Amino acid sequence: MLITLDILTQRRSQMIDLTEKIRQAIRQSGIFTGQALVHVPHTTAALTINENADPDVMHDLQEFFTRIAPPGDTYRHREGNSDAHIKSSLLGVTLPLIITGGEPLLGTWQGVFFCEFDGPRQRQVHIQVSGS
Amino acid sequence: MLITLDILTQRRSQMIDLTEKIRQAIRQSGIFTGQALVHVPHTTAALTINENADPDVMHDLQEFFTRIAPPGDTYRHREGNSDAHIKSSLLGVTLPLIITGGEPLLGTWQGVFFCEFDGPRQRQVHIQVSGS
Amino acid sequence: MLITLDILTQRRSQMIDLTEKIRQAIRQSGIFTGQALVHVPHTTAALTINENADPDVMHDLQEFFTRIAPPGDTYRHREGNSDAHIKSSLLGVTLPLIITGGEPLLGTWQGVFFCEFDGPRQRQVHIQVSGS
């Protein structure tokens, strides 16, 4: 089963917690044991798993990225968003999750985040749920 | 089949070769062709595949991380381990492996490593084996 | 079904678009809905998804890596390619793709790249296609 989420981002750099929507997609599929493969079809956005309790963790990750790949740096790509392409590759755009007991297997503090690096934009996230 | 490993780390930053344990889990499952999905349910640890012949490779990776995300840096997250959260996202916590001939498909020099960035701690690694 | 591609790289750092070859492997398998798991069995190469319209994007990614992990830096690993091992771990060597309609699910601007960081070398890429 393939579910597509529509996401409207509001800022150039923004982390959006998708955990609950992924949980819903898995429940909707009726799959009890298997895998969810999450995919972002963009080249200036990404996916990551990290702490969803304290928003400062995601703030610090964004600050880190701004430090190692500053937006205004001297890149060759003319669209002015090379930093966003770099961050997309560093985190990755496909994320496989174990499904057990009809739920994604995640640690207590783990959430799945959509990472916008060149917003605001209209974005999509695909979730393929397979198993039995 | 889902197998959970318990790992006790000894240092703040430590790389532990899991290859043999993943190999054992696959053998135990009886799966000959399929996939092993490895998942670390923590937000200050990670998984990576890299050379397991010369331990200096993993040493250099840790030094690199210390240089680009120093532990004592000025982060907003109050627990003092933002650098560990950043490293976790950079390497990732889920890792899918091809199984063929009842073994994980890995190159001659490839090993699968559990990466501790905020130890010492009691940690877990989940391995889901699927296929036929 | 497992397909292995042979790749001959020409430079130390080089990005090679594999998208069409992955598309062909999926067509060859006859799988309509499922997953392709791509794996690079090397520790100084990697896989990434990013823009394949403007080659400057991949140029900028390579420049970024040269800046944060310079080749001639003071590493402990004696083979002089620690920077390549670091880049391999940052991007990763396994990449799962959703297959739908007999095609890999990719965004308009997304391509799958083999990333050479210690060439020129003879390399391999494994593609496992599963589903129905």
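Look up: the structure comes first, before these words.
Residues numbered from 1 in each chain as written. Chains lettered and ligands numbered in written order. Predicted model: local features only at pLDDT ≥ 70, side-chain atom pairs only at ≥ 80, totals over all residues. Heavy atoms only, no water.

Caption draft 1: Structural view of the sheet that holds strand 3 (residues 34–39) of chain B. Residue and element names in this part refer to chain B. Taken together, five strands build an open sheet; the order of strands is 1-8-3-5-6 and the sheet is antiparallel. Of all the strands in the sheet, just strand 1 (2–8) and strand 6 (103–104) have a single pairing partner and so form its edges. Inspection of the sheet shows strand 1 paired to strand 8 (residues 122–131) by seven bridges, in the antiparallel sense. Bridge assignment links Leu-5 to a residue of strand 8, and that residue is Val-125. Against the sheet, helix 1 (residues 19–29) engages strand 1, strand 3, strand 5 (94–100), strand 6 and strand 8, with an angle of about 40° to strand 8. (Pairing = 2+ DSSP bridges. Helix = DSSP H or I, 4+ residues; strand = E, 2+ residues; numbered from the N terminus. Contact = heavy atoms within 4.5 Å. Axes fitted to C-alpha atoms, helices over the stretch in contact; angles between N-to-C directions.)

Caption draft 2: Looking closely at the interface of chain B and chain A. On the chain A side, the residues contacting the 26 residues of chain B number 28 residues. Taken together, both faces of the contact between chain B and chain A bury some 2300 Å²; the carbon and sulfur share is 57%. If you look at where chain B meets chain A, you find one salt bridge. A salt bridge links Arg76(B) to Asp56(A); its shortest N-O distance comes to 3.9 Å. Listed by contribution, the elements that provide at least two residues to the side of chain B that touches chain A are strand 3, helix 3 (82–91), strand 5 and strand 8 of chain B. Looking at which element gives the most residues to the side of chain B that touches chain A, the answer is helix 3 of chain B, with five residues. For the side of chain B that touches chain A, the per-class residue count stands at twelve nonpolar, eleven polar and three charged. (Buried area = accessible area lost by both parts, 1.4 Å probe. Salt bridge = Lys/Arg side-chain N within 4 Å of Asp/Glu carboxyl O. Nonpolar A, V, L, I, M, F, W, Y, C, P; charged D, E, K, R; others polar.)

Caption draft 3: Structural detail: the sheet that holds strand 4 (residues 45–51) of chain B. Residues and elements named next belong to chain B. Read from one edge to the other, the open sheet built from three strands follows the order 2-7-4, with strand pairing classed as antiparallel. Only two strands of the sheet have a single partner each, and these edge strands are strand 2 (14–17) and strand 4. Sheet twist, expressed as the average angle between the axes of neighbouring strands with direction ignored, equals 35°. Where strand 4 meets strand 7 (residues 110–116), seven bridges bridge the pair, whose relative direction is antiparallel. Bridge pairing links Ala-46 to Cys-115 in strand 7. Helix 2 (residues 56–68) contacts strand 2, strand 4 and strand 7 of the sheet and is inclined by roughly 135° relative to strand 4.

Caption draft 4: The relation of the copies chain B and chain A, seen in detail. Between the two copies, chain B and chain A, the superposition gives an RMSD of 0.0 Å; the rotation angle is 120° and the shift along the axis is 0.0 Å. The superposition of one copy onto the other is thereby described by a three-fold rotation axis. Identified as the residue of chain B closest to the rotation axis by C-alpha distance is Leu90(B), at 3.5 Å. When the interface residues of chain B are mapped onto chain A, a mere 12% of them are again interface residues, pointing to distinct binding faces. (Least-squares fit on C-alpha atoms with pLDDT ≥ 70 in both.)

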